[in-house]
Amino acid sequence: MNNNKIENIKILFGGAFNPPTYSHFLIGDKFVNKYQASIYYLPTSSIYNKNVEIIDYEHRYKMLELVVDKIGDGAYISEFERAQEVYLGTYQTLKHFSDYYFLIGYDQFANLPNWLNFPKLVSECKFIVIPREGYNIKEALNNSLIKENINNFIFVEDDFGDDSSTEFRLTHNKDLLIDEVYEYIKKNKLYEVK
């Protein structure tokens, strides 16, 4: 991986962040402080449904503020999806943020052919791809449309942790979050944490 390809680029990191985990913090911290990139967390609107209950946008936004404050300069939050009433898909978002790279894990990379607006998504947009435990990208690399557009992808081999928001919601394990986010959850009685 050539770090010069990442230096000074802008990265869009979308997700529900329900809640933002330690891995979400670590990803931002490494891209900003190790790779000298800028990262923009993009929380999905409250209407986005991954078949799980997503808490109110305002709480997720405030928890992300704690994450970006801890990272420092170079980490930001985009409110682009705050008021969306219909899910438009990543392609439409990246048309708005045309000079940004969209950050995805191996799991999402392998699933790109199933995304809205594929193949325009991979031919017109740029991606940063990071490892996810238990996923192999070789199969996705066999897709001819991805092969044709491989220059639109930067693969970063680094350890970004593998904590998940789902795991926290199931276990309430505070080690999966930065302390500030856990305290916010406790104070606001979110996810039934007491």
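The rules behind the values
Residues numbered from 1 in each chain as written. Predicted model: local features only at pLDDT ≥ 70, side-chain atom pairs only at ≥ 80, totals over all residues. Heavy atoms only, no water. Helix = DSSP H or I, 4+ residues; strand = E, 2+ residues; numbered from the N terminus. Rg over C-alpha atoms; globule rule 2.2 N^0.38 Å. Buried < 20%, exposed > 50% of the residue type's maximum accessible area, 1.4 Å probe, protein only. Contact = heavy atoms within 4.5 Å. Areas by Shrake-Rupley, 256 points an atom, 1.4 Å probe, with all protein chains shown as cover. Salt bridge = Lys/Arg side-chain N within 4 Å of Asp/Glu carboxyl O. 1 Å grid on protein atoms, 1.4 Å probe; cavity = no way out; pocket = protein on both sides within 12 Å on 5 of 7 lines; lining within 4 Å. Points joined across faces, edges and corners; volume = space filled by probe spheres on them. Nonpolar A, V, L, I, M, F, W, Y, C, P; charged D, E, K, R; others polar. Pairing = 2+ DSSP bridges. Axes fitted to C-alpha atoms, helices over the stretch in contact; angles between N-to-C directions. Patch = residues over 30% accessible without salt bridge, like charges linked within 9 Å, V, L, I, M, F, W, Y side chains within 5 Å.

(A) Structural detail: the overall build of the protein chain. The helix and strand inventory of the protein chain stands at 9 helices and 6 strands. Expected size for 194 residues packed as a compact globule is a radius of gyration near 16 Å; at 16 Å, the protein chain falls within 12% of this value. Principal-axis analysis of the C-alpha atoms gives the protein chain an extent of 50 × 35 × 30 Å. Taking all 194 residues of the protein chain together, 48% fall into the buried category. Partitioning the contacts of the protein chain with sequence separation of at least 6, the portion at a separation of at least 24 is 75%. Summed over all atoms, the accessible surface of the protein chain reaches about 10100 Å², with 44% contributed by carbon and sulfur.

(B) Region of interest: the pattern of salt bridges. Applying the stated criterion across every chain, the model contains 10 salt bridges. Residues Glu 58 and Arg 82 are paired through a salt bridge, measuring 2.1 Å at the closest nitrogen-oxygen approach. Residue Glu 58 is located in helix H2 (residues 57–71), and its partner Arg 82 is located in the loop between strand E3 (75–77) and helix H3 (90–96); the two are separated by 24 residues in the primary sequence. A salt bridge links Arg 132 to Asp 107, with the nearest nitrogen and oxygen atoms 3.2 Å apart.

(C) Just the layout of surface pockets, in detail. A volume near 190 Å³ is recorded for the second largest pocket. Lining the second largest pocket are Val 52, Glu 53, Ile 55, Arg 169, His 172, Tyr 191 and Glu 192. Here the lining of the second largest pocket is built from residues that sort into 3 nonpolar, 1 polar and 3 charged.

(D) Representation of the sheet that holds strand E6 (residues 153–155) within the structure. Here 6 strands make up an open sheet; going across it, the order is E3-E2-E1-E4-E5-E6 and the pairing parallel. Lying at the two open borders of the sheet, with one neighbouring strand each, are E3 and E6. With direction set aside, neighbouring strand axes in the sheet form an average angle of 30 degrees. Along the sheet, helix H1 (residues 22–33) makes contact with strand E1 (10–15), strand E2 (38–43), E3, strand E4 (100–105) and strand E5 (126–130), crossing E2 at roughly 155 degrees.

(E) Examining a nonpolar patch on the surface more closely. A grouping of Ile 47, Tyr 87 and Leu 116 is seen on the molecular surface, where their side chains present a nonpolar patch of about 280 Å² in accessible area. Mapped onto the fold, Ile 47 is located in the loop between E2 and H2. A relative accessible area of 42% places Ile 47 in the partly exposed class.

(F) Broad picture of the pairing of E5. Where burial is concerned, most of E5 is hidden: 4 out of the 5 residues are buried. Both E4 and E5 contribute to a ladder of 5 bridges, which runs parallel. When the bridges of E5 are listed, Phe 102 appears paired with Phe 127. Both E5 and E6 contribute to a ladder of 3 bridges, which runs parallel.

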